[in-house]
Amino acid sequence: MVDVFEEVEEQLRSDRYKALALKTLPWIGGALVLALVVALGIWGYQNYRAKAHTEASDQYAAAIQAFNSGDRNEAVRLWGEVGKSSSKAYRSLALQQLGGLQLSDGKVPEAVKLFDEAAEAAPTPVLGDVARLKSAFALLDSSPYKDMEARLKPLTEEGRPYRVQAREALAFAKIMAGDLPGARTEFSVLSLMVDGGEGVSQRAKAAIALIDSGSAKAVPGAVKAALALPPAVALPPGALPPGLQAQPAPQQPAPGPQ
């Protein structure tokens, strides 16, 4: 009799396990399907990004080659395509190239717009601050000091990649605003900063000499002449997408106010 009860109990237990399995199986299957879909989605997105990055890199290099070969129109077309790419780094670089071309044509508002778009698109402060600095230098001889300060002051903060060059631009802005004592103080500091590079030190000393000589009328021309020598904003190793460092730079005129 005991054996019968045990058999019945075992059967009931087995039926409960089967019922539980039937209830949970769809959930387990759904979870597995969801995990597979997520994995495939991540794989697809990574492949999409890699493909977009490669295409942008190829087009950017082709644009440089076209420009250096004298085919500006083709370079502009290719940089324009890269400027719409999902590769943020190359998009920023392409927009900066287009901005440089506009600036060399004397089209300051158009150049500033492109530089600002490049800064917004940049995935790192290294690329973004280069674009912001170019935008500020383009506006240096046409914008009021308060506008220049709003653009440049954040770039001078500790830890920003081009704080020395931003400080130099701010000193030039003080000259343009007529604040010669304030500008001289800034240039005195810049002339002694070891991390500014030889170019920054030379321009700072030249500006101090100009201020001390009382040649105020020559200041705007001197500022433009200084800006014809672009500030040392070379990107550090690893700042650009892989492979970009090996590409030659386009041989275009140095950007600066016209």
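Residues numbered from 1 in each chain as written. Predicted model: local features only at pLDDT ≥ 70, side-chain atom pairs only at ≥ 80, totals over all residues. Heavy atoms only, no water.

What the rule picks out here adds up to 10 salt bridges. For Asp-105, the salt bridge goes to Arg-72, with nearest N and O atoms at 2.5 Å. With Asp-105 in the loop between α3 (88-104) and α4 (108-121) and Arg-72 in helix α2 (residues 72-82), this residue pair connects regions lying 33 residues apart in the sequence. Arg-77 is the salt-bridge partner of Glu-74, the closest N and O atoms lying 2.8 Å from each other. Residue Glu-74 and its partner Arg-77 are both found in helix α2; the two are separated by 3 residues, about one turn of the helix. Under the relative-accessibility criterion, Glu-74 is labelled partly exposed at 27%. Look at the salt bridges and you will find they share partners, linking Asp-129, Arg-132 and Arg-160 into a network. (Salt bridge = Lys/Arg side-chain N within 4 Å of Asp/Glu carboxyl O. Helix = DSSP H or I, 4+ residues; strand = E, 2+ residues; numbered from the N terminus. Buried < 20%, exposed > 50% of the residue type's maximum accessible area, 1.4 Å probe, protein only.)

Let's shift gears to the packing of α4 against helix α5 (residues 125-139). Geometry of a packed helix pair, given as the angle between the helix axes and the separation of the axes. Their axes nearest at 8 Å, the elements α4 and α5 cross at an angle of 160 degrees. On the basis of their axis angle, the class for α4 and α5 is roughly antiparallel. Regarding α4 and α5, the two cross each other, and that crossing is left-handed. Contacts between α4 and α5 involve Val-108, Val-112, Phe-115, Asp-116, Ala-118 and Ala-119 from the former and Gly-128, Ala-131, Arg-132, Lys-134, Ser-135, Ala-138 and Leu-139 from the latter. (Axes fitted to C-alpha atoms, helices over the stretch in contact; angles between N-to-C directions. Parallel < 35°, antiparallel > 145°, perpendicular 65-115°, else oblique. Left-handed = near helix turned anticlockwise from the far one by under 90°. Contact = heavy atoms within 4.5 Å.)

The next point concerns the packing of aromatic side chains. Tallied over the full model, the rule gives 4 aromatic pairs. For the pair Phe-172 and Phe-187, a centre-to-centre distance of 5.2 Å together with 65 degrees between the ring planes defines the contact as edge-to-face. Of the two residues, Phe-172 sits in helix α7 (residues 163-176) while Phe-187 sits in helix α8 (residues 180-192), which places them 15 residues apart along the sequence. The exposure classification of Phe-172 matches that of Phe-187, with both residues buried. Among the aromatic residues, those joined into a cluster by ring pairs are Tyr-60, Phe-67, Trp-79 and Tyr-90. (Phe/Tyr/Trp six-rings, centres within 6.5 Å; stacked < 30°, edge-to-face > 60°.)

This part takes up the side chain of Ser-57. Its place among the elements puts Ser-57 in helix α1 (residues 2-68). For Ser-57, a relative accessible area of 12% corresponds to the buried category. Side chain to side chain, Ser-57 and Tyr-90 meet in a polar contact 3.2 Å long. (Polar contact = N/O pair within 3.5 Å; in protein donor to acceptor, adjacent residues only side chain to side chain.)

Moving on, we come to α8. The first and last C-alpha atoms of α8 sit 19 Å apart over 13 residues, in line with the 18 Å expected at 1.5 Å per residue. Looking at α8, one finds that the buried residues are Gly-182, Ala-183, Glu-186, Phe-187, Leu-190 and Ser-191. Angular distribution of buried residues about the axis of α8 spans 170 degrees; they occupy a single face of the element. The exposed set on the far side of α8, more than 90 degrees from its buried face, consists of Pro-181 and Leu-192. Looking at the buried residues of α8, the elements they touch are α7 and α9 (197-213). If you check the start of α8, you find a side-chain oxygen 3.0 Å away from the backbone N of Gly-182, and it comes from Asp-179. (Expected span 1.5 Å × (residues − 1). Arc of directions from axis to C-beta.)

With that settled, consider α5. Since the α-helix advances by 3.6 residues per turn, residues separated by three or four positions end up pointing in the same direction. Taking 1.5 Å per residue, 15 residues should reach 21 Å; α5 reaches 21 Å between its end C-alpha atoms and fits that length. Judged by how many residues are buried, α5 sits mostly within the fold: 12 of 15 residues are covered. Considered for burial, the residues of α5 that qualify are Val-126, Leu-127, Gly-128, Asp-129, Val-130, Ala-131, Leu-133, Ser-135, Ala-136, Phe-137, Ala-138 and Leu-139.

Our focus in this paragraph is the confidence of the model for the protein chain. Residues at a pLDDT of 70 or more form 63% of the protein chain, whose mean pLDDT is 76. The secondary-structure element of the protein chain with the lowest mean pLDDT is helix α10 (residues 219-227), recorded at 57, while α4 shows the highest, at 95. Every residue in residues 228-249 is under pLDDT 50, and counting partners more than four places away or in other chains gives 45 contacts. (pLDDT = per-residue confidence, 0-100.)

Turning our eyes to something else, we now look at the nonpolar core. When a protein is soluble and globular, its nonpolar side chains tend to lie buried together. Core analysis: the biggest nonpolar cluster contains 34 residues, and Met-148, Leu-152, Ile-175, Phe-187 and Leu-190 have the highest contact counts within it. When residues of this core are traced back to their parent elements, those giving at least two are α4, α5, α6 (145-152), α7, α8 and α9. By residue number, the principal contributor to this core is α7, which donates 8 residues. When sequence neighbours within four positions are dropped, the list of residues in contact with Leu-152 reads Leu-133, Ala-136, Ala-166, Ala-169 and Leu-170. Among the nonpolar cores identified, the runner-up in size contains 23 residues, and Ala-56, Tyr-60, Ala-63 and Ala-89 belong to it. (Core = buried A, V, L, I, M, F, W, Y, C linked by side-chain atoms within 4.5 Å.)

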